[in-house]
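Fold and contact review
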Amino acid sequence: MASPATGEFSDVIDWTEAMEQCGDDEDFLRELLSDLRGEIDAQIVKIDDVLKATTNDQSFLHIMRASHVIKGASSNLMCQQLREGATNLEQAAAGANEISRDDESALEAATEQVKEKYAELKKAVDEYHAFLKKVGV
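These remarks concern the structure in this document.

Rules used throughout
- Residues numbered from 1 in each chain as written.
- Predicted model: local features only at pLDDT ≥ 70, side-chain atom pairs only at ≥ 80, totals over all residues.
- Heavy atoms only, no water.
- Core = buried A, V, L, I, M, F, W, Y, C linked by side-chain atoms within 4.5 Å.
- Buried < 20%, exposed > 50% of the residue type's maximum accessible area, 1.4 Å probe, protein only.
- Contact = heavy atoms within 4.5 Å.
- Helix = DSSP H or I, 4+ residues; strand = E, 2+ residues; numbered from the N terminus.
- Phe/Tyr/Trp six-rings, centres within 6.5 Å; stacked < 30°, edge-to-face > 60°.
- Axes fitted to C-alpha atoms, helices over the stretch in contact; angles between N-to-C directions.
- Parallel < 35°, antiparallel > 145°, perpendicular 65-115°, else oblique.
- Left-handed = near helix turned anticlockwise from the far one by under 90°.
- Nonpolar A, V, L, I, M, F, W, Y, C, P; charged D, E, K, R; others polar.
- Salt bridge = Lys/Arg side-chain N within 4 Å of Asp/Glu carboxyl O.

One finds Leu33, Leu82, Tyr128 and Phe131 to be the most contacted residues of the largest nonpolar core, which totals 39 residues. Aside from chain neighbours lying at most four places away, what touches Leu33 is Ile13, Trp15, Leu77, Cys79, Tyr128, Phe131 and Leu132.

A separate point is the environment of Arg37. Structurally, the position occupied by Arg37 is in helix α2 (residues 26-52). Here the alpha-carbon distance between Arg37 and Leu132, two residues 95 residues apart in the chain, equals 8.7 Å. If we skip the residues at most four places from it in the chain, Arg37 touches Tyr128, His129, Leu132 and Val137.

A few words on the packing of aromatic side chains. Overall, the coordinates contain 2 aromatic pairs when judged by the stated rule. Both rings, one in Trp15 and one in Phe131, keep their centres 6.1 Å apart while their planes meet at 65°; by these two values the pair is edge-to-face. One end of the pair, Trp15, is in helix α1 (residues 15-21); the other, Phe131, is in helix α5 (residues 104-134), and 116 residues separate them in sequence. Classification of Trp15 as buried rests on a relative accessible area of 14%. Residues Tyr128 and Phe131 carry aromatic rings whose centres are separated by 6.5 Å and whose planes lie at 35° to one another, so their mutual orientation is tilted. Highlighted residues: Tyr128 and Phe131, both in helix α5, separated by 3 residues, approximately one helical turn. As far as the burial class goes, Tyr128 and Phe131 line up, both buried. Site record: aromatic cluster; members linked through ring pairs are Trp15, Tyr128 and Phe131.

The interhelical angle for the contact between α2 and α5, taken along N-to-C directions, is 155°, at an axis separation of 11 Å. Classed by the angle they form, the pair α2 and α5 counts as roughly antiparallel. The hand of the α2/α5 crossing is left-handed. Every residue of α5 that contacts α2 at Leu33, Leu36, Arg37, Ile40, Asp41, Ile44, Ile47, Asp48 and Leu51 is listed here: Val114, Lys115, Tyr118, Leu121, Lys122, Val125, Tyr128, His129, Phe131 and Leu132. Its residues assigned to classes, the contact of α2 with α5 shows 13 nonpolar, 1 polar and 5 charged.

Attention now goes to the pattern of salt bridges. For the coordinates displayed, the defined rule picks out 4 salt bridges. Between Arg30 and Glu26 there is a salt bridge, with the nearest N and O atoms lying 2.9 Å from each other. In this pair, Arg30 and Glu26 both sit in helix α2, 4 residues apart, roughly one turn of the helix. Salt-bridge contacts for Glu127 lead to Lys123; the nearest nitrogen and oxygen are separated by 3.0 Å. Placement of both Glu127 and Lys123 in helix α5 is noted, with a separation of 4 residues, approximately one turn of the helix.

The topology assignment puts Ser74 in helix α3 (residues 59-76). In contact with Ser74, other than residues within four places in its own chain, are Leu36, Cys79, Leu82 and Arg83.

Attention now goes to the environment of Ala18. Take Ala18: it is sitting in helix α1. When its relative accessible area of 0% is taken as the criterion, Ala18 is described as buried. Here the alpha-carbon distance between Ala18 and Lys117, two residues 99 residues apart in the chain, equals 25 Å. Among residues more than four places away in sequence, those in contact with Ala18 are Ile13, Leu29, Leu77 and Met78.

Structure follows, in structure tokens:
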């Protein structure tokens, strides 16, 4: 069972802090990180589905909720990159949600902003998956 070297994945997770959160129980931390992977993947599917569908009055609310779940879960496990990506997506979706559906140009610009923030989150998710693979989770 490979443990990450100090600083090696510091952009993905603060391993020392995460271990402290888990009472220095590495097996428990690994279990939580695996659970987080499942939760993130489920939320990513929800966001993908929303972005593939025609935008409606609930679209950005769904993205806000899914990104909020990722933000909270990743914060608890000291996964800074995921937390930041989810926070940025949640904020972009909240801004888009405030735009009138009649203001097509503003809505289009906001939708593009949401897609950009989603791409950033997906990059963080990919790096999280790579980290888990590297440490054998």
